[in-house]
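A closer look at the structure
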Amino acid sequence: QVQLVESGGGLVQAGGSLSLSCVASGRSVTSSAMGWFRQAPGKEREFVAGNSWGGGTYYADSVKGRFTISRDNAKNQVYLQMNSLKPEDTAVYYCAAQARTYGSVTRDRNDYYYWGQGTQVTVSA
């Protein structure tokens, strides 16, 4: 079993930055694809960014060039640096991990088995 805990959310003005962290416990996620998803009120949970076990990074078009996903395998942590934030980035952000090892990053939330509790990000205009 893997437990994921996110932190770093908050309130920021448009154009500002926030950094999210996700710490994994229970077992190493070094060999697992990790992802960040978000869910705004009344909307479905959507893919934001993913990081493969090999270090490859993938982004939704809406955040490309503004967000950066990274991981620290030694700390069993994944990060999401968010710059140039927009009001439409407002959502609860979730960290997720695939159960299988050496899998590819996908944008389908059903491919991720472990989820954190989420952290709220609010961007004011």
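Here's what I pulled together on the structure shown here. Counting restarts for each chain: residues are numbered from 1 in the order of the written sequence. pLDDT decides what is reported in this predicted model: residues at 70 or higher carry local features, side-chain atom pairs at 80 or more are listed and counted, and totals for whole chains, interfaces and linings draw on all residues regardless. Side-chain descriptors were evaluated using all non-hydrogen atoms of the structure, hydrogens and water having been removed beforehand.

1. Digging into the state of the cysteines
Note on terminology: pairs of cysteine sulfur atoms within 2.5 Å are recorded as disulfides. Taken as a whole and assessed by the stated rule, the structure comprises one disulfide. Across the disulfide, C22 is cross-linked to C95 (sulfur-sulfur distance 2.1 Å). Taking the sign of the torsion about the S-S bond as the criterion, the disulfide between C22 and C95, at about -75°, is left-handed. Of this pair, C22 sits in strand β3 (residues 18–25) while C95 sits in strand β9 (residues 91–97), placing them 73 residues apart in sequence. Judged by its relative accessible area of 1%, C22 is buried. Strands are runs of DSSP state E lasting at least two residues, helices are runs of H or I lasting at least four, and both sets are numbered from the N terminus onward. Burial status follows relative accessibility: with a 1.4 Å probe on protein chains alone, a residue under 20% of its type maximum counts as buried, one over 50% as exposed, and anything between as partly exposed.

2. A short note on the pairing of strand β11 (residues 119–124)
Burial along β11 is one-sided: T119, V121 and V123 are buried, while Q120, T122 and S124, pointing the other way, are not. Each pair of strands is called paired provided DSSP finds at least two bridges between the two strands. Direction of pairing for strand β2 (residues 10–13) relative to β11: parallel, over a ladder of four bridges. Considered in β11, the bridge of Q13 is made with S124. With three bridges connecting them, β9 and β11 associate as antiparallel partners. Bridging across to β11, V92 finds its partner in Q120.

3. Concerning unusual backbone geometry
Of note in this structure, N76 is not a glycine but carries a positive phi near 60°. Secondary-structure assignment places N76 in the loop between β7 (67–72) and β8 (77–82). For Y102, which is not glycine, the phi torsion reads 60° and is therefore positive. Residue classification places Y102 among the exposed positions, given a relative accessible area of 52%.

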